[in-house]
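For reference, the chains in residue letters:
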Amino acid sequence: MSDHESGDRVGLACPSCSDGAETVHEVLKPGGQATVRCTECGHTHKAEIPEEETAELKVVVSQDGESFTTRMEVPADTYAEEGEEFVVDSPDALMQVRVTGIETAPETRVEEADVEEIETLWTRAVDNVTVKVSMHPNDGNRDHTESFSISVPGDYEFTVGEVAEFGDRKFTVEGVQIRENAPKYRFDKLDHEGDMAYAKDVKRLYVRDETSTAWSAW
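Procedures and definitions
- Residues numbered from 1 in each chain as written.
- Predicted model: local features only at pLDDT ≥ 70, side-chain atom pairs only at ≥ 80, totals over all residues.
- Heavy atoms only, no water.
- Helix = DSSP H or I, 4+ residues; strand = E, 2+ residues; numbered from the N terminus.
- Buried < 20%, exposed > 50% of the residue type's maximum accessible area, 1.4 Å probe, protein only.
- Contact = heavy atoms within 4.5 Å.
- Areas by Shrake-Rupley, 256 points an atom, 1.4 Å probe, with all protein chains shown as cover.
- Core = buried A, V, L, I, M, F, W, Y, C linked by side-chain atoms within 4.5 Å.
- Pairing = 2+ DSSP bridges.
- Salt bridge = Lys/Arg side-chain N within 4 Å of Asp/Glu carboxyl O.

Caption draft 1: Seen up close, the overall build of the protein chain. A tally of helices and strands in the protein chain yields 1 helix and 20 strands. A buried classification covers 36% of the 218 residues belonging to the protein chain. The long-range fraction of contacts in the protein chain, counting pairs at least 24 apart against all pairs at least 6 apart in sequence, stands at 45%. For the protein chain, the computed accessible surface area is about 13,100 Å², with 43% contributed by carbon and sulfur atoms.

This is the structure:
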């Protein structure tokens, strides 16, 4: 665990305004005896900052059908639950992920656990995601459905009834299938105009081709 840096905020007792109770202090100069300033009264003093207890967490990150394993140090009092998002900050990766599974023992999965109980944390990258699309022609003929994938930022919004353009493709979103581990939406499949889902929550898009509408009306 690295030392605290200037600008960090820590909980310490202030000799000026707190009688043994902790207040939030800003670290001005790190070190064995750090120089800190109480944010309550502005008093500056020296104090030893206790190191935060940490635990090593094994994280499996899935991205576009592939996965890799990394390890990261996290505060020992961290709590994890399925569906929550956090940043994997390790030598192997720096990315936003969503928890898809928590393994506390071989073949033992739970929905939530303290980090010290976790053997493996299964996650999926959500900062950039690949979304599968099923597109049918503008004439409504669903026998000629085309399937393809698009890559978008995880927080890209798809809204039923709205037109989206990606490269030379243009389509109207008609339905959105939601992923199992996504936060709760109204339904697992959205098909009412105005329904919106973030790309990181989308399992599949159902769309109508609008690429050729400019000339098809002639």
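Caption draft 2: Quick peek at the nonpolar core. In this structure, V131, I150, F158, F171, V176 and L205 are the most contacted members of the largest nonpolar core, which totals 22 residues. Of all the secondary structure elements, the ones that give two or more residues to this core are β13 (128-136), β14 (146-153), β16 (163-166), β17 (169-178) and β20 (202-209). Among all residues touching V176, those that are not within four sequence positions of it are V160, D188, K189, L190, A197, V202, R204 and L205. Judged by nonpolar contacts, the second largest core, of 19 residues, contains A55, V61, M95 and A113.

Caption draft 3: Structural view of the pairing of strand β4 (residues 44-47). Going residue by residue along β4, you find H45 and A47 tucked away on one face and T44 and K46 left uncovered on the opposite face. For strand β3 (residues 34-38) and β4, the ladder comprises 4 bridges, and the chain directions are antiparallel. Across the sheet, R37 pairs through a bridge with T44, a residue of β4. In this antiparallel pair of consecutive strands, β3 and β4, the connection spans 5 residues, and G42 shows a positive phi of 85 degrees.

Caption draft 4: Up close: the pattern of salt bridges. With the rule as written, the count across this model stands at 10 salt bridges. Notably, a salt bridge pairs R169 with E146, separated by 2.8 Å at the nearest N-O pair. In this pair, R169 is assigned in strand β17 and E146 in strand β14, connecting sequence segments 23 residues apart. Here R186 ties to D195 by a salt bridge, and the two come within 3.0 Å at their closest N and O atoms. Taking the relative accessible area as the measure of exposure, R186 reaches 52% and is therefore exposed. A residue is classified by how much of its surface remains accessible, and D195, at 12% relative accessible area, is buried. One salt-bridge network, in which partners are shared between bridges, spans E85, R98, K200 and D201.

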